[in-house]
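Spelled out from the first residue to the last, the chains are:
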Amino acid sequence: MDKRLLKDFDYVILISIFSILFLGMFSLYSASFHKTATLGKNLLMAQAVWMGIGFVISFFILSQNYLKLTSIAYPVYFLSLFILAVVLVIGEVKLGAQR
């Protein structure tokens, strides 16, 4: 990991992210408090697992040189547009959404 990444890192954003995640976990816990105990714990545990997976992926992406992605930016963009067009043409509408 590059030492400049730690030196130039914006810790205010990191604190903001942790605050929002804590608020979300607290909200999830309080919303599922009166339900069965196993359901609330399962929801909270699943949320914590996905948060952990998100942090691992985020730190992996942050440690990469983003300038390497410029060579594949346009192909990925046009692939995304193509996939959206395919959904528009052959997708079926169910429950108010086209899939």
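Trainee: Quick question: what am I supposed to make of the overall build of the protein here?
Mentor: Across its full length, the protein holds four helices and two strands. Element order for the protein, N to C, with α for helix and β for strand: α-α-α-α-β-β. When the 99 residues of the protein are sorted by exposure, 5% land in the buried category. Taken as a whole, the protein presents about 8,900 Å² of accessible surface, with 74% of it coming from carbon and sulfur.

Trainee: Hey, could you run me through the packing of aromatic side chains in this one?
Mentor: A ring pair, where both rings are aromatic, is described by two values, the distance of the centres and the angle of the planes. Applying the stated criterion to the full structure yields four aromatic pairs. Aromatic pair Tyr74 and Phe78: ring centres 6.5 Å apart, planes at 25°, arrangement stacked. Linking Tyr74 with Phe78, this pair stays in helix 4 (residues 73–90), spanning four residues, or about one helical turn. Residue classification places Tyr74 among the exposed residues on the basis of a relative accessible area of 61%. Taken together, the ring pairs in this structure connect Phe18, Phe55 and Phe59 into an aromatic cluster.

Trainee: Quick question: what am I supposed to make of a nonpolar patch on the surface here?
Mentor: Side chains of Met45, Val49, Trp50, Ile53, Ile57, Phe60 and Ile61 sit close together on the surface and give an oily, nonpolar patch of about 770 Å² of accessible area. By the secondary structure assignment, Trp50 is in helix 3 (residues 37–62).

Trainee: For this particular structure, what's the right way to read the confidence of the model for the protein?
Mentor: The predicted coordinates ought not to be read in detail in places where the model reports low pLDDT. Summary statistics for the protein give a mean pLDDT of 83 and a share of 85% for residues scoring 70 or more. The secondary-structure element of the protein with the lowest mean pLDDT is helix 1 (residues 3–7), recorded at 69, while helix 4 shows the highest, at 94.

The rules behind the values
Residues numbered from 1 in each chain as written. Predicted model: local features only at pLDDT ≥ 70, side-chain atom pairs only at ≥ 80, totals over all residues. Heavy atoms only, no water. Helix = DSSP H or I, 4+ residues; strand = E, 2+ residues; numbered from the N terminus. Buried < 20%, exposed > 50% of the residue type's maximum accessible area, 1.4 Å probe, protein only. Areas by Shrake-Rupley, 256 points an atom, 1.4 Å probe, with all protein chains shown as cover. Phe/Tyr/Trp six-rings, centres within 6.5 Å; stacked < 30°, edge-to-face > 60°. Patch = residues over 30% accessible without salt bridge, like charges linked within 9 Å, V, L, I, M, F, W, Y side chains within 5 Å. Salt bridge = Lys/Arg side-chain N within 4 Å of Asp/Glu carboxyl O. pLDDT = per-residue confidence, 0-100.

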